[in-house]
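Structure at a glance
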Amino acid sequence: MLTLAKNLYDYHELMATLAWKNVTLRYKQAYLGIAWAILKPITLMLIFTLVKSFVGIESGEIPYPILVFAALMPWTFFQESTSDGVTSVVGNTALIKKIYFPREIFPITSVLTKLVELGINFFILAGLMVWYQMMPSIYILWVPLIIAYTILAALTIAFAGAAINVYYRDVGAALPVLLSLLMYASPVIYPLQLVKDKLLVQQAAGEWSDMLYTLYTLNPLAGIIDAFQNVVLRGAPPDLDAMIPGAILVAILLPLSYLYFKRAESYFADVI
Amino acid sequence: MPVIEVSHLTKEYRLGALQGLKQTLINTGARLMGKHLPERPLFKALDDVSFSIEQGEVVGIIGHNGAGKSTLLKMLAKISTPTRGSVMTKGRISPLIEVGAGFVPDFTGRENVYLNGAILGMKRQEIDQKFDEIVDFAEMAEFIDTPVKRYSSGMQVKLAFAVATSVQSEILIVDEVLAVGDLAFQRKCFDRMEDVIKGQGRTILLVSHNIRQVERMCNRVILMDHGKVAADGPVAEVCELFYQQSNTKIQAQAQHAATAKVSGSGEVTIDSIDVLDNAGHPVNEIESGERLRVRIRFTLLHDLEGIEIVAGTHRTDFIYISSASTRDVLPNAAFSRGSHEVEYIVPTFPLAAGTYSVRLVFLDRNWRFLFNGESLKTFTVKAKRLETMNSQWKTVDLPSEMRVDGTLYALPQ
């Protein structure tokens, strides 16, 4: 971990340049340019809002469109940085085979790239908040911490996934499918409060309810999305109870994932 | 203090591809059952390589394709990890392996300079400082804001070379990159490399198939062969050894290809072709300027009149060197059915050291091909003395004189 910190510092310029390359490259020769970054969450927001008008999801006092947009921001960031991170090593074969620098730079750069797009989405969020006349509270200061935690969660999958993807490309193909499943297991379309009510208050699954809830919150995204909505929209502190199981999971898996990546790294050039 | 220390470096690759899911499952199952599975064979790309390089040395690494040169560089540049042994390096290494790795086609020249610079380990400030010099050297000022995908390949390489050589590093690794651009630019690259070598006192590893370049730039050469260090020492000695190896290899290949180049009507069968020395013994090698004597034994299927037999020599690249015909001496040669013998003799064969082959043509009076063959017999010509220059600088070894300030010197022949 110490070497990771040192590498991060030593190579911060390279990472910045590579991230700048990724961002610029994505929107080169595209008429809409960077606007594409916001198109995805906005479209999803509109679709979910439409669906909600048929199905009826209890969203509390917060207007549903902004609630779902606030959920989509961390979710899209997590989803895209994970899947980009996993394919980042294989995608840079030319560099891997020619030049050495610590290989963790590739997954990390992918995450950094997506951070830029997340930043752009904040402007849309601000616009929506103005539209719905919502005032941010002091709790908004939590946002950087929540995003930092999201980055760690994304890297947990990205490190191990990127390394395995070098040997078995199946990972890169399977991940988008798994991630879209994970979206339904995360409080994106529905608020976490709904799950809480069902399991903790109504005990819908009988004696299994508490355990099921813990299992649900093992998904770091459950805590992340809820916390993000809390601090930005509800003016409340994050619900730490919902975050702890996921945080423990990340704390255990991230070092393992990173160590595996570092072990596999020396054979990337031979196998890729 | 050595800046590069390589000891007992071995790199093995497993031959064959990664296995699919099914095979992996079957194998794992079998292994769990306690069966011993045959391992896929290993290939030793590097085999117990040891050497050390001092600060400021310019070392050339030469060898045939597949000798392990690039694998060695990959180990030095930390791109790949050794199976056994160790590599120790001091200071920043900048690899000049295949310039242009990491160029993004959609980016402009300017953007690519910054990107490539960062990849090669330059700080942004450093690139800012050197930017003008890089563009100037690459002669790209006019096109610097055009996307690289619109560049010609020569332009791309020029720009990439300019960026790569501006990296300040203690150790520079150069892999086959100087063969870039047009002649004028090659000249410029060459000068820049020489400047880097002589002027800045950096340690340089140069991998090249261009032995002349290695001879000129390096002060030490390592010859690799089948993953091992075959020779390590002064430039002239090691390069000479490499030339000998190359000749043997070309000869082996030429002999291998010999059977392929024959066509004919079947009326003539060649029984044997031999190069003979003065005593009449078959040999494979003659000295430059010696007598060349080729004996051809052949059999005719039936009586033939007015046959013309043409014998000659050619180089391995099929440039015809000499040729002689029986028509000039025996316009109406008649041969009976059965075995015959012809000798083709060149009193002095003044060719430069190298590998040569015999060609042979049989024609009847209507110029119909009875037999036509090339590379029928290969033989080498060796230099009479240790040559001061490479054989690739001349084709024939003619008796020559030099007049220096009015004094005539005959060159040893």
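Structure: see above.
Residues numbered from 1 in each chain as written. Chains lettered and ligands numbered in written order. Predicted model: local features only at pLDDT ≥ 70, side-chain atom pairs only at ≥ 80, totals over all residues. Heavy atoms only, no water.

**Looking at the nonpolar core**
- Counting 153 residues, the largest nonpolar core has A:Val89, A:Leu125, A:Leu233, B:Ile62, B:Leu159 and B:Leu205 as the members making the most contacts within it.
- For B:Leu159, the residues in contact, after removing those within four places along its chain, are B:Phe103, B:Gly109, B:Val113, B:Ile134, B:Ala138, B:Met140, B:Ile144 and B:Tyr151.
- Residues B:Val346, B:Phe349, B:Ala352 and B:Phe371 belong to the second largest nonpolar core, which totals 29 residues. (Core = buried A, V, L, I, M, F, W, Y, C linked by side-chain atoms within 4.5 Å. Buried < 20%, exposed > 50% of the residue type's maximum accessible area, 1.4 Å probe, protein only. Contact = heavy atoms within 4.5 Å.)

**Digging into the packing of helix H3 (residues 109–119) of chain B against helix H4 (residues 124–138) of chain B**
Residue and element names in this part refer to chain B.
- Across the interface, H3 lies against H4 with an axial gap of 10 Å and an inter-helix angle of 130°. The angle between H3 and H4 places the two elements in the oblique class. Judged by the sense of rotation from one axis to the other, the crossing of H3 with H4 is right-handed. Packed against H3, whose contacting residues are Arg110, Val113, Tyr114, Gly117 and Ala118, the element H4 presents Arg124, Ile127, Asp128, Phe131 and Ile134 at the interface.
- A breakdown of the residues in the contact of H3 with H4 according to their chemical character gives 6 nonpolar, 1 polar and 3 charged. (Axes fitted to C-alpha atoms, helices over the stretch in contact; angles between N-to-C directions. Helix = DSSP H or I, 4+ residues; strand = E, 2+ residues; numbered from the N terminus. Parallel < 35°, antiparallel > 145°, perpendicular 65-115°, else oblique. Left-handed = near helix turned anticlockwise from the far one by under 90°. Nonpolar A, V, L, I, M, F, W, Y, C, P; charged D, E, K, R; others polar.)

**Here we look at unusual backbone geometry**
- Positive phi, close to 50°, is recorded for A:Gln133, a residue that is not glycine.
- The class for A:Gln133 is exposed, based on a relative accessible area of 72%.
- Phi is positive for B:His8, which is not a glycine, with a value near 45°.
- Residue position: B:His8 is located in strand S1 (residues 2–14).
- A relative accessible area of 49% means that B:His8 is categorised as partly exposed.

**Focus on the pattern of salt bridges**
Residues and elements named next belong to chain A.
- Taken as a whole and judged by the stated rule, the model has 26 salt bridges over all chains.
- The partner of Lys114 in a salt bridge is Glu117, and the shortest N-O contact between them spans 3.6 Å. With a gap of 3 residues between them, Lys114 and Glu117 both fall in helix H6 (residues 105–131), about one helical turn apart.
- On the accessibility criterion, Lys114 (6% relative accessible area) is buried. (Salt bridge = Lys/Arg side-chain N within 4 Å of Asp/Glu carboxyl O.)

**Examining the sheet that holds strand S14 (residues 292–300) of chain B**
Residues and elements named next belong to chain B.
- Spatially, S12-S11-S14-S19 is the arrangement adopted by the 4 strands of the open sheet, whose pairing is antiparallel. A single partner strand is all that each edge strand has here, and the edge strands are strand S12 (282–283) and strand S19 (338–346).
- In this sheet, S12 lies alongside strand S11 (residues 268–276) in antiparallel orientation, the contact comprising 2 bridges. Bridging across to S12, Val275 finds its partner in Val283. (Pairing = 2+ DSSP bridges.)

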